[in-house]
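A structural walkthrough
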Amino acid sequence: MVESAGKSLIKLYQIVLNIALIILSLILTYFLFRELYYILSDILLENGDVHGTFSKILVFFLYFGFISMILTYFKESHHFPLRYLLYIGITATIRFIIVNNGNSFQNLWLSLVILMLTISYILLPSPEGQKIKRFRREIS
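All values reported here derive from a predicted model rather than from experimental measurement.

To continue, consider helix H3 (residues 82–99). Helix length check: H3 (18 residues) gives 26 Å between terminal C-alpha atoms against 26 Å at 1.5 Å per residue, within 8%. Listed as buried for H3 are Arg83, Tyr84, Leu86, Ile90, Thr93, Ile97 and Val99.

Written out as structure tokens, the structure is:
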């Protein structure tokens, strides 16, 4: 009895989480297209603030990354693969260095962060290897 109540509570939480993520993805999609509109209007109106335009492009890709993370959550059977999170961390740090390149010492630390994330990414077992291990467990 307790086990079935626990399973139904987990199922309810999963439904609430899925609905919240769908709503969040719709909101992020709206902001993504709004940011795209701002970028295109800056380009077409020949706005002289290049740094401001690059900042808007950075925000655009952040929205894009969050939306793709939500899509990956649904594609990967309701979980975020660690590889994907490391990839997002690496690319976000690189984008931050490109936009904010004034402080050399900070860029050195951020480069070390990228190195650590890359090493972590390489040390993770490959997804194919994990599938083979799962298949072997199912056979046994």
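Now that the structure has been shown, we can carry on.
All told, the structure shown has six aromatic pairs when counted by the stated rule. With centroids separated by 5.3 Å and ring planes inclined at 75 degrees, the aromatic side chains of tyrosine 73 and phenylalanine 74 adopt a geometry described as edge-to-face. Given the relative accessible area of 29%, phenylalanine 74 is considered partly exposed. A centroid spacing of 5.9 Å and a plane angle of 85 degrees characterise the contact between phenylalanine 105 and tryptophan 109, whose relative ring orientation is edge-to-face. Note that phenylalanine 105 and tryptophan 109 are positioned in helix H4 (residues 104–123) at a spacing of four residues, about one turn of the helix. Every member of this aromatic cluster is reached through a ring pair, and the members are Tyr30, Phe31 and Tyr63. Over the ring of tyrosine 121 we find arginine 83, and its NZ or CZ is 4.8 Å from the ring centre.

Glancing now at the UniProt feature "transmembrane region" (unreviewed entry) in the chain. Under the feature "transmembrane region" (unreviewed entry), the UniProt entry names residues 12–33, 53–74, 81–99 and 105–124. The distance separating the terminal C-alpha atoms of residues 12–33 is 32 Å; by composition the span is 100% helix and 0% strand. For residues 105–124, the helix share is 95%, the strand share is 0%, and the end-to-end C-alpha distance is 29 Å.

Here is what the cut-offs are and how they apply
Throughout this description, residue numbers start from 1 for each chain and increase along the sequence as written. Local features in this predicted model are restricted to residues of pLDDT 70 or higher, and side-chain atom pairs are both shown and tallied only at a pLDDT of 80 or more, whereas totals for entire chains, interfaces and linings draw on every residue. Hydrogens and waters are ignored; side-chain quantities use all the structure's heavy atoms. Secondary structure elements follow DSSP: runs of H or I of four or more residues count as helices, runs of E of two or more count as strands, with numbering from the N terminus. The length a helix should cover is 1.5 Å for every residue beyond the first. Burial classes: relative accessible area under 20% of the type maximum marks a residue as buried, over 50% as exposed, and values in between as partly exposed (1.4 Å probe, protein chains only). Each aromatic pair joins two rings of Phe, Tyr and Trp (for Trp, the six-membered one) with centres within 6.5 Å, and gets the label stacked for planes under 30 degrees apart, edge-to-face for over 60, and tilted for any other angle. Note on criteria: charge over ring means Lys NZ or Arg CZ within 6 Å of the ring centre, with the direction from the centre no more than 35 degrees off the ring normal. UniProt positions are given in the numbering used here, feature names are shortened, and annotations may be inferred rather than shown by experiment.

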